[in-house]
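Chain residues, written in single-letter form:
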Amino acid sequence: MTQTRSTKLPRQNAGTPRTPRTTALATRPLMRWRGIDLITAAMLAVAFGVMFWGFDTFIYPILSTATAGFPPLGELMLGVWLVPAVVGALVIRRPGAALFTELVAANVELFLGNKWGAAVLLSGVLQGVGVELVLALFRHRRFGVVVAVLGGALSAVFEIVFYEWQSYVGEYSSMWKAVYLGCGMVSGAVIAGVGGWLLVRALARTGALNAFPPGQEVRESHLI
Amino acid sequence: MPSPLVRKFVSPTSSETMPPETVRTPAPPAMQGAVVELRDLTWRPFGRREPVLADISLRIEAGSRVLVSGPSGSGKSTLLRALAGVLSTTETGDLTGSVLVDGSPASGSSVALMMQDPGDALVAGRVGRDVAFGPESFGMARGEIWSRVRSALACVGFPYDQDHATSALSGGETQRLALAGVLALTPRLVLLDEPTSMLDPAAATVVREAIIDAVRASGATLVMVEHQLSDWVHEVDRLVVLDSAGRVSADGPVAMTLASSADHLAAQGVWVPSVAAPRPLHVPRALCMPSRAGLAGFGRPGSVLVAAESVSVVRGARESVMSANQRAKPVEALQDVCAEVRAGQCVAVVGPSGAGKSTLTALLAGVDAPTQGLVRAGDGLSHGMGRQSREVVDRWTSLALAAGFGWVPQQAEQVVVARTVREDVLSTSRRLGLDDDAAQARVDALLEVLGLSALSGVDPHFLSGGEQRRLALAGAIAHGPSVLVLDEPSVGQDRLTWSAVAGVVVAARAAGVGVVLATHDPLLIALADRRITLLAGRVLEPETDPLPPPEQDVLSTVAPAARRFAGLAGRSGPLSLLLVSIMLVLGAPFISDLPTALAAIGVQIALAPMVLGIGALPWRRLMPGLFAVASVSFSNWLLSPGREISSGALAGLRVAFFVVPGVLLASRIDPSALGDHLGQRLRLPARPVVAAVAALHRFEGLGEHWDQLARIRRVRGLGPGRSPLARGRSVAALTFGLLIETLRQAGRMAVAMEARGFSAALTSAAPRTWAEPAPWRSDDSLMLALGLFVAAVPILFSHM
């Protein structure tokens with residue numbers, strides 16, 4: 001376990017070595033992204049773009065056919081598209097990381113050719129902003145599973161309320177719009193929130209995130 | 001060797017900056033190398049108890065050429081990163097002591113770092129633009145950038161023009177491009193990290209000569225890391241040896257240092273010229289015995305295990321994000337090749353890079369399917385296997401394939417299928433349901449022999465390159481396959497890992513396994529019983545003359561998308577296309593009734609010929625969007641208050657309003673050009689834009705990596721199977737593997753980009769410049785006006 005309920009800065013914890021579970025934070029100033037932050041966020045986005053492409057091509061058609069009888073169930077897949085925002089935010093831990101990662105991933109979809117045309121860029125912005133708001137609410141000091149779940153859920157709310165309600169399900173009755181929103185939020189919370197958090201934790205354990213705060217948390221928990 | 005002429009740059013967008021006449025190779029500016037001074041340099045990354053570099057003090061005189069060597073893990077690459085000032089790019093830790101280049105801390109354009117993997121430095125789709133990255137980062141003017149690009153490419157003898165696609169380069173050419181990329185900054189200190197270790201001998205020679213010529217001409221100080229000393233000892237004047245604790249253990253003129261520490265270095269794995277070639281490790285035959293060896297009628301020595309019957313492989317272009325304006329031609333990787341693998345024999349597949357060695361060996365391992373011809377199991381392998389054995393091997397189930405074959409691809413670090421070293425090697429035996437006690441005993445003995453038993457509980461991702469190579473080898477042989485296929489198993493490996501590879505080959509052959517090696521390594525070739533020589537995808541018979549390689553211009557030239565009338569969109573820049581696509585999305589919600597929807601779509605159809613040109617619609621690209629329109633219509637009909645057909649139609653048309661034009665316009669956007677426009681026209685922050693464009697160029701490579709991971713899992717018996725749950729698990733495993741590779745690549749990319757000044761603008765006054773302009777033409781204004789009009793049709797119509 002590398003996550004913690006502590007919201008203290010590591011510096012403040014330095015004197016108490018018996019509390020290994022600290023939340024590692026990005027170097028300050030927060031807005032000054034390192035080169036590797038930018039490149040890693042962009043590369044993660046492109047890798048997720050590869051997976052979106054595979055998902056869109058091989059899995060989504062099957063699932064959407066399976067849920068054709070009851071379309072809101074299809075929205076249970078929404079979380080898959082929110083994962084880049086949550087993972088980008090949990091790895092980089094700087095303002096803008098969720099938005100940048102989600103937007104670059106959306107660009108990959110746009111250039112490859114996709115179902116929704118340039119609307120993916122609008123979706124990318126809305127989804128990224130949803131996660132950004134939650135992180136800002138916690139002042140970029142907490143990156144645990146709760147934050148990830150809230151981020152995934154709010155990301156889904158932004159996507160659905162400001163875009164999909166108008167475009168995809170404009171003629172649904174109000175009740176079905178609410179069901180649709182509920183399915184999306186559950187998906188965002190579970191797939192993007194819990195899934196994204198587990199993914200980052202697993203990646204950190206392989207040493208692949210050593211240059212980032214999650215990798216630092218793993219190292220610190222090993223040292224003690 | 002440098003080509004005397006630099007061909008003219010032909011990109012229409014930057015012709016204004018190019019002199020029309022052909023340029024002669026300019027003499028590189030003569031200048032002085034840097035003086036480097038290291039004082040008590042110690043570096044301990046956080047999380048490690050011992051420092052990687054300990055108390056290193058060195059003074060390197062201007063213009064001297066220093067070779068740094070030592071066993072793997074001695075901190076050689078770390079030392080180079082410290083000299084380049086990029087030590088903290090990928091790791092955090094305690095740094096004490098100082099690194100001074102010409103008396104000041106290392107930074108800026110005076111220091112150049114070239115990495116081991118040629119692909120790590122690539123940031124652009126075109127050769128010229130890639131070299132321009134460094135000069136752009138340091139804010140040079142456009143004219144200065146391109147004159148540096150020309151002289152740097154001439155300096156490394158680059159054979160193609162500046163418009164050549166970087167994705168069409170061989171490994172050696174890519175490495176020369178990387179060299180040009182660092183020379184464009186006219187560095188006074190050049191740092192090279194095993195620059196030829198991943199290349200075949202012919203390409204390595206060309207790259208080595210390019211390095212030596214370039215460094216000699218510029219007078220720069222050279223510090224390089226290498227564990228293959230013989231090729232370099234005559235080109236350097238000093239050898240520094242690091243020991244496994246990260247200390248300097250020997251330092252002085254090459255001959256002297258070698259005399260004192262040659263045997264010591266060789267024992268630690270370094271290839272030293274005066275020391276005899278290593279011998280294959282003794283691996284007990286029983287550890288490589290095929291699991292089917294006991295069965296009656298199984299593989300007598302010499303019986304055919306697997307045979308390729310006149311196979312050809314044609315590779316189509318991958319799905320690409322960069323395909324906006326280019327069409328890749330299919331490449332013929334293999335042509336009418338026959339090959340056999342026999343029990344108890346070792347066959348070496350040899351030939352120059354790009355000849356099709358990896359392609360043929362992947363076919364023989366059953367992980368790829370030929371485009372034409374068949375790969376079948378022979379009597380020696382198929383005996384007693386039942387119905388499946390009559391199928392071509394690429395159709396075998398994952399389990400059947402694993403039972404017969406072991407395969408290690410060239411990038412052995414990709415082969416990680418479990419959480420610990422021991423579990424990883426055991427996984428295929430368990431999957432095949434072999435006797436567990438026997439399997440465990442065999443795995444433990446294999447790990448012991450290959451020097452991995454101390455690491456058996458460690459996560460495989462933490463192993464060094466050589467250890468990962470040995471792990472992959474153990475995983476390929478532990479379950480007792482009858483055919484063992486190794487692709488370039490010794491490239492870039494030290495003597496210790498070489499011995500392990502050769503030892504497994506010898507033992508497997510003695511146990512009756514049919515061994516296939518794709519290799520350039522003369523020492524390994526000497527172990528083989530037979531050779532198959534490939535040249536340009538064909539088998540080269542010993543008695544025939546070498547065939548001239550066929551023309552290969554895959555992607556190397558840009559085919560214009562269409563000669564016919566391309567429409568307004570074809571003449572518009574990326575920014576106007578993007579803005580119009582987005583405006584349509586914003587206009588769609590104002591479609592509130594069916595007449596408005598029909599009117600809006602009608603206007604689009606009326607304008608389509610003018611905007612999109614005349615020609616067939618790209619239906620394949622449009623299909624997903626049309627599918628989306630249909631599903632939106634259906635669901636809105638189903639869940640609308642009164643189940644009105646009109647509700648479904650309205651919702652579908654509303655989506656079609658932005659999806660169809662959006663998909664068609666987006667297919668004309670070139671991502672690189674979009675980056676230039678976002679940076680220059682919209683003045684977005686340069687670094688995020690540049691990072692995103694560089695990452696987009698890795699899309700195809702990451703896609704290939706995904707395919708490779710899927711092949712590895714299949715041949716290890718971990719293929720997806722049929723059940724949805726197993727498929728899901730398989731996708732999750734592939735995703736995880738892809739993300740790990742992505743993060744590693746990002747780290748190496750960051751080092752290479754930072755060494756070329758990616759973040760230089762943060763500390764200097766000069767903002768980043770752009771090598772290519774971002775013009776806004778009258779066509780763009782027209783496009784934008786039309787887009788605004790169409791997007792506003794729903795609002796206008798509903799107020800009429």
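Note that the coordinates shown come from a computational prediction; the quantities given were computed from them, not determined experimentally. (Residues numbered from 1 in each chain as written. Chains lettered and ligands numbered in written order. Predicted model: local features only at pLDDT ≥ 70, side-chain atom pairs only at ≥ 80, totals over all residues. Heavy atoms only, no water.)

Novice: Outline the overall build of chain A, supporting the account with residue identities and numerical values.
Specialist: Broken down by element type, chain A carries 8 helices and 0 strands. Mapped from its N terminus to its C terminus, chain A presents α and β elements in the order α-α-α-α-α-α-α-α. When each of the 224 residues of chain A is scored for burial, the buried share is 63%. Partitioning the contacts of chain A with sequence separation of at least 6, the portion at a separation of at least 24 is 72%. Of the roughly 8,100 Å² of accessible surface on chain A, 68% is carried by carbon and sulfur atoms. (Helix = DSSP H or I, 4+ residues; strand = E, 2+ residues; numbered from the N terminus. Buried < 20%, exposed > 50% of the residue type's maximum accessible area, 1.4 Å probe, protein only. Contact = heavy atoms within 4.5 Å. Areas by Shrake-Rupley, 256 points an atom, 1.4 Å probe, with all protein chains shown as cover.)

Novice: Tell me about the side chain of S197 of chain B, and please be specific about residues and values.
Specialist: Residues and elements named next belong to chain B. By the element assignment, S197 lies in the loop between β9 (189-193) and α6 (201-218). Residue classification places S197 among the buried residues on the basis of a relative accessible area of 11%. Among the polar contacts made by the side chain of S197, one reaches the main-chain carbonyl oxygen of E194 at a distance of 3.3 Å. Not counting residues within four places of it along the chain, the set of residues in contact with S197 comprises Q116, V491 and G492. (Polar contact = N/O pair within 3.5 Å; in protein donor to acceptor, adjacent residues only side chain to side chain.)

Novice: Describe the packing of aromatic side chains, listing the residues and the values that go with them.
Specialist: Any two aromatic rings considered together are summarised by their centre-to-centre distance and by the angle between their planes. This structure, assessed with the given rule, holds 12 aromatic pairs over all chains. Where F158 of chain B meets Y160 of chain B, the ring centres are 5.9 Å apart and the plane angle is 75 degrees; that geometry is what we call edge-to-face. On the accessibility criterion, Y160 of chain B (29% relative accessible area) is partly exposed. Linked through ring pairs, W116, Y163 and Y168 of chain A together with F658 of chain B together constitute an aromatic cluster. The ring centre of W232 of chain B lies 6.0 Å from the NZ or CZ of R208 of chain B, which sits over that ring. Over the ring of F133 of chain B we find R768 of chain B; its NZ or CZ atom is 4.7 Å from the centre of that ring. (Phe/Tyr/Trp six-rings, centres within 6.5 Å; stacked < 30°, edge-to-face > 60°. Lys NZ or Arg CZ within 6 Å of the ring centre and 35° of its normal.)

Novice: With reference to specific residues and values, describe a nonpolar patch on the surface.
Specialist: Residues and elements named next belong to chain A. On the surface, V145, V146, L150, V194 and L198 cluster together into a nonpolar patch covering about 350 Å² of accessible area. If you list the elements that add at least two residues to the nonpolar patch, you get α6 (145-167) and α7 (174-205). For the nonpolar patch, the leading source of residues is α6, giving 3 residues. Considering the arrangement of structural elements, one finds L198 in helix α7. A relative accessible area of 39% places L198 in the partly exposed class. (Patch = residues over 30% accessible without salt bridge, like charges linked within 9 Å, V, L, I, M, F, W, Y side chains within 5 Å. Salt bridge = Lys/Arg side-chain N within 4 Å of Asp/Glu carboxyl O.)

Novice: Describe the confidence of the model for chain A, and please don't skip the residues or the numbers.
Specialist: Residues and elements named next belong to chain A. Residue-level pLDDT values for chain A average 85, and 88% of them are 70 or greater. At the level of individual helices and strands, chain A shows its lowest average pLDDT in helix α1 (residues 10-13), which scores 39, and its highest in helix α3 (residues 79-92), which scores 96. This model gives residues 1-20 a pLDDT under 50, and the stretch forms 34 contacts once residues within four places in sequence are excluded. (pLDDT = per-residue confidence, 0-100.)

Novice: If you had to explain the pairing of strand β3 (residues 36-45) of chain B to someone new, which residues and values would you point to?
Specialist: Residue and element names in this part refer to chain B. Of the strand pairs in this sheet, β3 and strand β4 (residues 53-60) are connected by 5 bridges, and their pairing is antiparallel. Of the residues in β4, the one forming a bridge with W43 is L53. Alignment of β3 against strand β6 (residues 93-101), held across 8 bridges, turns out to be antiparallel. Looking at the pairing, V36 lines up with V101 of β6. (Pairing = 2+ DSSP bridges.)

Novice: Explain the interface of chain B and chain A residue by residue, including any values.
Specialist: If you look at the interface, chain B gives 75 residues, while chain A gives 62 residues. Between chain B and chain A, a total of about 5,700 Å² is buried, with carbon and sulfur atoms accounting for 75% of that surface. R654 of chain B is the partner of E171 of chain A in a salt bridge, and the nearest nitrogen-oxygen pair spans 2.9 Å. Where chain B packs against chain A, one counts 11 residue pairs in polar contact (both at pLDDT 80 or more). (Buried area = accessible area lost by both parts, 1.4 Å probe.)

Novice: Can you explain the environment of D37 of chain A? Please cite residues and give values.
Specialist: Residue and element names in this part refer to chain A. If you trace the backbone, D37 turns up in helix α2 (residues 35-66). Residue class for D37 comes out buried when judged on its relative accessible area of 1%. Here the alpha-carbon distance between D37 and A97, two residues 60 residues apart in the chain, equals 8.6 Å. Filtering out sequence-adjacent residues up to four positions away, D37 remains in contact with I92, R94 and F212. A polar atom in the side chain of D37 sits 2.7 Å from the side chain of R94.

Novice: Hey, could you go over the sheet that holds β6 of chain B for me, with residue numbers and the actual values?
Specialist: All names here are of chain B. Spatially, β4-β3-β6-β7 is the arrangement adopted by the 4 strands of the open sheet, whose pairing is antiparallel. A strand with exactly one partner marks an edge of an open sheet, and here the two such strands are β4 and β7 (104-105). Sheet topology places β6 next to β7; 2 bridges connect them, and they run antiparallel. From the neighbouring strand, V101 faces β7, where its bridge partner is S104. Here helix α1 (residues 76-84) sits on the sheet in contact with β3, β4 and β6, set at roughly 120 degrees to β3. (Axes fitted to C-alpha atoms, helices over the stretch in contact; angles between N-to-C directions.)

Novice: Could you give an account of the environment of L665 of chain B, naming the residues involved and the relevant values?
Specialist: Residue and element names in this part refer to chain B. One can find L665 in helix α20 (residues 645-666). Distance in space between the C-alpha atoms of L665 and A569 is 6.9 Å, their sequence separation being 96 residues. The contacts of L665, once residues within four sequence positions are left out, are A569, L577, V580, S581, V611, L612 and M783.

Novice: An account of unusual backbone geometry is requested, with residue identities and associated values reported.
Specialist: Backbone torsion omega between R28 of chain A and P29 of chain A reads -5 degrees, so that peptide bond is classified as cis. Among the secondary structure elements, P29 of chain A is positioned in the loop between α1 and α2. Its identity as a non-glycine residue notwithstanding, E194 of chain B has a phi of 40 degrees, on the positive side. Within the secondary structure, E194 of chain B sits in the loop between β9 and α6. Here E194 of chain B falls in the buried class, since its relative accessible area comes to 7%. Not every positive phi belongs to a glycine, and R683 of chain B is a case in point at roughly 55 degrees. Along the chain, R683 of chain B turns up in the loop between α21 (671-680) and α22 (686-696).

Novice: Give a description of the pattern of salt bridges that names residues and reports values.
Specialist: Applying the stated rule across the entire model yields 29 salt bridges over all chains. Here the salt bridges do not stand alone but share partners, grouping R129, E136, D676, R768 and E772 of chain B into one network.

Novice: An account of the environment of A42 of chain A is requested, with residue identities and associated values reported.
Specialist: Residue and element names in this part refer to chain A. Examined against the element boundaries, A42 turns out to sit in helix α2. Judged by relative accessible area, A42 falls into the buried class, the value being 0%. Along the primary structure A42 and T101 are separated by 59 residues, whereas in three dimensions their C-alpha atoms are 6.0 Å apart.

Novice: Can you tell me about the nonpolar core, naming the residues and giving the values?
Specialist: In this structure, I39 and W116 of chain A together with F658 and M753 of chain B are the most contacted members of the largest nonpolar core, which totals 140 residues. In terms of residue count, α2 of chain A provides more of this core than any other element does, 16 residues in total. With residues up to four places along the chain from it excluded, the contact list for F658 of chain B reads W116, A119, Y163 and S167 of chain A together with L584, V585 and A588 of chain B. Counting 88 residues, the second largest nonpolar core, distinct from the first, contains A184, L239, V240 and V241 of chain B. (Core = buried A, V, L, I, M, F, W, Y, C linked by side-chain atoms within 4.5 Å.)

Novice: Kindly report on the pairing of strand β13 (residues 304-315) of chain B, identifying the contributing residues and their values.
Specialist: Residue and element names in this part refer to chain B. Strand direction decides the pairing type here: β13 and strand β14 (residues 331-342), joined by 8 bridges, are antiparallel. The partner of V313 across the bridge, within β14, is L334. In this structure, β13 lies alongside strand β16 (residues 372-377), joined through 5 bridges in antiparallel fashion. For A307, the partnering residue across the bridge sits in β16 and is R376.

Novice: Got a sec to walk through the confidence of the model for chain B? Specific residues and values, please.
Specialist: Residue and element names in this part refer to chain B. Per-chain confidence: chain B averages 85 in pLDDT, with 89% of residues scoring 70 or above. At the low end of the mean pLDDT range in chain B sits strand β1 (residues 5-6), at 34; at the high end sits strand β18 (residues 483-487), at 96. Every residue in residues 1-30 is under pLDDT 50, and counting partners more than four places away or in other chains gives 52 contacts. Under a pLDDT of 50 for its full length, residues 543-563 has, in the predicted model, 27 contacts with residues more than four places off or in other chains.

Novice: Pulling in residues and values, what's your account of helix α7 (residues 254-267) of chain B?
Specialist: Every α-helix winds through 3.6 residues per turn, so residues three or four apart in the chain are directed the same way. All names here are of chain B. Between its first and last C-alpha, α7 extends 18 Å over 14 residues, near the 20 Å set by a 1.5 Å rise per residue. In α7, a bend of some 65 degrees at S261 exceeds every other bend along the element. The secondary structure elements touched by the buried residues of α7 are β11 (238-242), β12 (248-252) and α14 (495-510). (Expected span 1.5 Å × (residues − 1). Bend = angle between axes of the 7 residues up to and from the residue.)

Novice: So what's going on with the packing of helix α4 (residues 97-112) of chain A against helix α5 (residues 119-137) of chain A? Residues and values would help.
Specialist: Residues and elements named next belong to chain A. It is at 8 Å that the axes of α4 and α5 come closest, and there the two elements cross at 160 degrees. On the basis of their axis angle, the class for α4 and α5 is roughly antiparallel. Crossing of α4 against α5: the hand is right-handed. Between α4, through A97, A98, L99, E102, L103, A106, N107, E109 and L110, and α5, the contact on the second element is made entirely by V120, L121, G124, V125, Q127, G128, V129, V131 and E132. Split into classes, the residues belonging to the contact of α4 with α5 amount to 11 nonpolar, 4 polar and 3 charged. (Parallel < 35°, antiparallel > 145°, perpendicular 65-115°, else oblique. Left-handed = near helix turned anticlockwise from the far one by under 90°. Nonpolar A, V, L, I, M, F, W, Y, C, P; charged D, E, K, R; others polar.)

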